[in-house]
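# Analysis of the macromolecular model
Listed below, chain by chain, are the residues.
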Amino acid sequence: MFVLVNLKTYPCDPLEVATAVRDVDETTDARLAVAPQATHVERVAETGVETWAQHVDPIDHGSNTGHTLAESVADAGAVGTLINHSERRLKLADIDGAVQAAQRADLETVVCANNPEQIGAAAALGPDAVAVEPPELIGTGTPVSQADPDIVEDAVTAAENVDDDVSVLCGAGISTGDDVVAAGDLGAEGVLLASGVAKADDPRDALEDLVDPL
Ligand SMILES: O=C[C@H](O)COP(=O)(O)O
């Protein structure tokens with residue numbers, strides 16, 4: 001299973017979480033990675049943890065003030081990027097452009113979507129993976145894999161119907177190892193999570209619990 005920890009703009013210490021993700025990754029067969037804010041990518045990547053960007057824009061080098069260039073996050077040490085997170089929505093043409101920008105910079109891509117219908121559309125754009133996240137469960141602690149299993153199974157089917165090579169992750173409310181196991185049982189190859197680690201009193205403990213049953 002792939003466990004991708006998104007730090008959003010939570011007021012956690014990105015280096016503390018990054019080192020915990022790096023260390024716990026060495027104890028498990030699961031693949032762990034962290035997605036800090038863009039300004040923290042370089043310092044986080046220097047810890048040796050697998051580092052992802054939270055977003056890249058559908059742009060190339062040039063006159064694009066205030067945008068995030070895929071090549072720049074790659075230069076800073078990111079190996080992948082989220083695209084179209086529920087909190088950073090893009091229009092379809094811009095999702096397509098951001099996937100192409102990320103691929104140009106050799107970044108792995110996870111395109112997020114709200115539901116199985118959008119997952120099918122996202123998979124058609126040729127990312128490495130898609131992530132289904134019902135917005136109403138994000139940050140609630142109510143895990144999508146247990147509260148709304150149909151949406152995960154339907155997302156897996158929707159992606160398979162478009163392109164077998166596109167992996168499916170699920171996210172929203174995932175905070176325990178049981179939630180991750182439930183996601184795997186539904187056909188997801190990974191989870192996208194945030195508050196369960198970024199807001200935990202002890203992120204390392206939270207991560208150890210997450211991977212314990214894997
Ligand atoms: O990127 C992560 C997702 O939005 C899930 O967030 P959450 O784990 O806080 O529910």
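Because the structure is a prediction, the values reported are computed rather than measured.

## Comments concerning the site of the ligand
Residues in close proximity to the ligand include Asn6, Lys8, His85, Glu133, Ile138, Gly139, Ala172, Gly173, Leu192, Leu193, Ala194 and Ser195, which together make up its full environment. In the environment of the ligand, an oxygen atom lies 2.8 Å from a nitrogen or oxygen atom belonging to the backbone of Gly173. At 2.5 Å, a side-chain N or O of Ser195 approaches an oxygen atom of the ligand. Burial of the ligand by the protein amounts to 100% of the accessible area it has alone, namely 310 Å². When grouped by side-chain class, the residues that make up the shell around the ligand number five nonpolar, five polar and two charged.

## Focus: the UniProt feature "binding site: substrate" (unreviewed entry) in the protein
Mapped onto the present numbering, the UniProt feature "binding site: substrate" (unreviewed entry) falls on Asn6, Leu7, Lys8, Ile138, Gly173, Ala194 and Ser195. These annotated residues cover 190 residues of sequence, and their C-alpha atoms lie no more than 14.2 Å from one another, placing them together at a single site. Secondary-structure assignment places Gly173 in the loop between strand S7 (167-171) and helix H8 (177-185). When its relative accessible area of 11% is taken as the criterion, Gly173 is described as buried. Setting aside anything within four residues of it in sequence, one finds Gly173 in contact with Leu137, Gly139, Gly141, Thr142, Pro143 and Asp179.

## Overview of the packing of aromatic side chains
Per the counting criterion, the structure on display carries one aromatic pair. Pairing Phe2 with Trp52 gives two aromatic rings, centres 5.6 Å apart and planes at 50°, and the pair type is tilted. In this pair, Phe2 is assigned in strand S1 (residues 2-6) and Trp52 in strand S3 (residues 52-53), connecting sequence segments 50 residues apart.

## Quick notes on the sheet that holds strand S6 (residues 129-132)
Overall, parallel pairing links the eight strands, which are arranged S2-S1-S8-S7-S6-S5-S4-S3 in an open sheet. Two strands close off the open sheet at either side, each with one partner strand: strand S2 (31-35) and S3.

What counts, and at which threshold
- Residues numbered from 1 in each chain as written.
- Predicted model: local features only at pLDDT ≥ 70, side-chain atom pairs only at ≥ 80, totals over all residues.
- Heavy atoms only, no water.
- Near = heavy atom within 4 Å.
- Polar contact = N/O pair within 3.5 Å; in protein donor to acceptor, adjacent residues only side chain to side chain.
- Areas by Shrake-Rupley, 256 points an atom, 1.4 Å probe, with all protein chains shown as cover.
- Nonpolar A, V, L, I, M, F, W, Y, C, P; charged D, E, K, R; others polar.
- UniProt positions renumbered as here; feature names shortened; annotations may be inferred.
- Helix = DSSP H or I, 4+ residues; strand = E, 2+ residues; numbered from the N terminus.
- Buried < 20%, exposed > 50% of the residue type's maximum accessible area, 1.4 Å probe, protein only.
- Contact = heavy atoms within 4.5 Å.
- Phe/Tyr/Trp six-rings, centres within 6.5 Å; stacked < 30°, edge-to-face > 60°.
- Pairing = 2+ DSSP bridges.

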